[in-house]
Amino acid sequence: MTDSAGAPPPRAVLTVTDAGISGLTPETGYGPKSIGAALPGFNIETIQTAGENDTQWTYAAFRDGMQMVQIFKGKGGKIGVVHGVGDAVAGPNGERLGMTFAQAHLPRRACRVGKNLWRGMAICKAANTEKVSLVFAISEYRGPFDRLPPSSELQSATLQRILWTP
């Protein structure tokens, strides 16, 4: 995967797998100290961000001033879903933000249509995983929003977020 200028993405500093995102696991407490301990070298800040159904105040981990992940509150004082949003985050099969649906080599049947704040997006299960999803934006898609676009349009959709659900 290269950007439009032909440069490769930066080296991945966080990798998303079924087990978690680097040091973030299902046992990580939801709070800046616990998250910071799981991600040494990252600055943990409070942000407001959008999930599929609403916006929430949550924590974000920054590295060298760049936001890498957004950590949502889970149950029992633990972390919940984590969104990989930085260009140094890699998916379980080497997926990187900005790559196309075609480059991810996913079958259309692995996807569902997004709703609410992610209307018009494709939310797809990452290959060979149970807990990782990929969110693709479909440029200039005009609907209908109750189904995925034709395959010709879906192929050029770009990866916007890599989600891990504990």
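This text gives an overview of the structure that appears in the document. (Residues numbered from 1 in each chain as written. Predicted model: local features only at pLDDT ≥ 70, side-chain atom pairs only at ≥ 80, totals over all residues. Heavy atoms only, no water.)

A short note on the sheet that holds strand E1 (residues 14–17)
Spatial strand order, E2-E1-E7: three strands in an open sheet with mixed pairing. If you trace the sheet from one side to the other, it starts and ends with strand E2 (20–21) and strand E7 (89–90), each paired once. Strand direction decides the pairing type here: E1 and E7, joined by two bridges, are parallel. Paired with threonine 15 across the bridge in E7 is alanine 90. (Pairing = 2+ DSSP bridges. Helix = DSSP H or I, 4+ residues; strand = E, 2+ residues; numbered from the N terminus.)

Side note on the environment of alanine 90
By the secondary structure assignment, alanine 90 is in strand E7. A relative accessible area of 9% means that alanine 90 is categorised as buried. For the pair alanine 90 and valine 13, spaced 77 residues apart in the sequence, the C-alpha separation amounts to 7.9 Å. Excluding anything up to four places from it in sequence, alanine 90 contacts Ala12, Leu14, Thr15, Val16, Glu95, Arg96 and Ile162. (Buried < 20%, exposed > 50% of the residue type's maximum accessible area, 1.4 Å probe, protein only. Contact = heavy atoms within 4.5 Å.)

Some points on the pairing of strand E6 (residues 79–84)
Across the six residues that make up E6, a large majority, five, are buried. The hairpin formed by strand E5 (residues 66–73) and E6 contains five residues between the paired strands, and glycine 76 there has a positive phi angle of roughly 65°. In this structure, E6 lies alongside strand E11 (residues 158–164), joined through three bridges in antiparallel fashion. Looking at the pairing, histidine 83 lines up with leucine 163 of E11.

Structural notes on the state of the cysteines
Tallied over the entire structure, the rule returns one disulfide. Between the sulfur of cysteine 111 and that of cysteine 124 lies a disulfide, 2.1 Å long from S to S. In this structure, the disulfide formed by cysteine 111 and cysteine 124 twists by about 105° around the S-S bond and is classed as right-handed. Here the residue cysteine 111 occupies a position in strand E8 (residues 111–113), and cysteine 124 occupies one in strand E9 (residues 121–125), the gap between them amounting to 13 residues. Classification of cysteine 111 as buried rests on a relative accessible area of 13%. Residue cysteine 124 is classed as buried on the basis of its relative accessible area of 1%. (Disulfide = S-S within 2.5 Å.)

Structural notes on the nonpolar core
Residues Leu24, Val69 and Phe136 are the most contacted members of the largest nonpolar core, which totals 38 residues. Setting aside residues up to four positions removed in sequence, valine 69 forms contacts with Leu14, Ile21, Leu24, Leu39, Tyr59, Ala60, Ala61, Val82, His83, Gly84, Val85 and Val89. (Core = buried A, V, L, I, M, F, W, Y, C linked by side-chain atoms within 4.5 Å.)

Section: the sheet that holds E9
The antiparallel open sheet is built from eight strands, whose spatial order is E3-E4-E5-E6-E11-E10-E9-E8. In this open sheet, the two edge strands, each paired with only one partner strand, are strand E3 (43–50) and E8. Each adjacent strand pair in this sheet contributes to an overall mean axis angle of 30°, direction not counted. (Axes fitted to C-alpha atoms, helices over the stretch in contact; angles between N-to-C directions.)

Examining the pattern of salt bridges
Note on pairing: side chains with opposite charge can pair once their charged atoms come close. The full count for this structure, using the stated rule, is five salt bridges. Among the ionic pairs, lysine 115 bridges to glutamate 52, the shortest N-O distance being 3.9 Å. Here glutamate 52 lies in the loop between E3 and strand E4 (55–63) and lysine 115 lies in the loop between E8 and E9, a separation of 63 residues in the sequence. Classification of glutamate 52 by relative accessible area gives buried; the value is 11%. Taken together, the shared-partner salt bridges in this structure form one network comprising Glu52, Arg112 and Lys115. (Salt bridge = Lys/Arg side-chain N within 4 Å of Asp/Glu carboxyl O.)

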